Amino acid sequence: MIQEWKDVTDTYVKDGVMVSGNALQPVEAATSLRLRDGKLETMDGPFAETKGHLGGYYLLECKDLDEAIKYAAMIPTARDGTVEVRPILDVGLHMAAVENVHDALNGGLQISMAAFFLL
């Protein structure tokens, strides 16, 4: 199985889509935290009990969802587990949208919530 992971990673590197990736330690090594009323609480273990656990990640630069799915299907655990594909949130675009809404509201313009989500 280790060789399969190496082969997949080598393919990503060879194809020029690999940005980064790592395996994660078992869920028992997790520490969860939350901040409530200014007080930090830490707990051993995962945030929530689930049947599945995040075993690691790959960050790939793909041209579209179809290409991302093609590469995700190469991950060995796709055969008997689940591989989740998610785009990275473009925080710059998101923050620009928030600032535009803030500026519009401060300028006396009325916009609908739908317009906010469309920005």
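Above this note sits the structure.
Along every chain, residues carry numbers that run from 1 in the direction the sequence is written. Owing to the predicted nature of the model, reporting of local features is limited to residues with pLDDT of at least 70; listing and counting of side-chain atom pairs is limited to 80 or more, with chain, interface and lining totals taken over all residues. Computation of side-chain values covers all heavy atoms of the structure but excludes hydrogens and water.

Enquirer: Help me out: how do you make sense of the overall build of the protein chain in this one?
Expert: Going along the chain from the N terminus, every DSSP run of H or I of four or more residues is numbered as a helix, and every run of E of two or more is numbered as a strand. Check the secondary structure of the protein chain and you find four helices and four strands. Each helix and strand of the protein chain, placed in order from N terminus to C terminus, yields the pattern α-β-β-β-β-α-α-α. Taking all 119 residues of the protein chain together, the buried fraction comes to 12%. Whether two residues touch is decided by their heavy atoms; if any such pair falls within 4.5 Å, the residues are in contact. Pairs at least 24 residues apart make up 49% of the contacts formed inside the protein chain by residues separated by at least 6 positions. Between buried and exposed lies partly exposed: a residue is buried under 20% and exposed over 50% of the maximum accessible area for its type, with that area taken using a 1.4 Å probe on protein chains only.

Enquirer: I tried to follow the packing of aromatic side chains on my own but got confused; where do I start?
Expert: Here is the rule: rings of Phe, Tyr and Trp (six-membered ring for Trp) pair when centre to centre is within 6.5 Å. Planes less than 30 degrees apart are stacked, more than 60 are edge-to-face, and the remainder are tilted. Under the counting rule described, the total for this entry stands at three aromatic pairs. Between the aromatic rings of Trp5 and Tyr58, the centroid separation amounts to 6.5 Å while the plane-to-plane angle is 15 degrees, which identifies the pairing as stacked. Of this pair, Trp5 sits in helix H1 (residues 2-14) while Tyr58 is found in strand E4 (residues 56-60), placing the two residues 53 residues apart along the sequence. By relative accessible area, Tyr58 is classed as partly exposed at 22%. Between Tyr12 and Tyr71, the aromatic rings sit 5.5 Å apart at their centres with planes inclined by 85 degrees, giving edge-to-face as the arrangement. With Tyr12 in helix H1 and Tyr71 in helix H2 (residues 65-72), the pair connects residues that are 59 residues apart, well separated along the chain. The class for Tyr12 is buried, based on a relative accessible area of 0%. Residue classification places Tyr71 among the buried positions, given a relative accessible area of 3%.

Enquirer: Mind showing me how you'd approach the environment of Tyr12 here?
Expert: Each C-alpha atom of the pair Tyr12 and Met74 lies 9.7 Å from the other, and the pair is 62 residues apart in sequence. Ignoring anything within four residues of it in the chain, the contact list for Tyr12 reads Val17, Met18, Tyr58, Leu60, Tyr71, Ala72, Met74 and Ile75.

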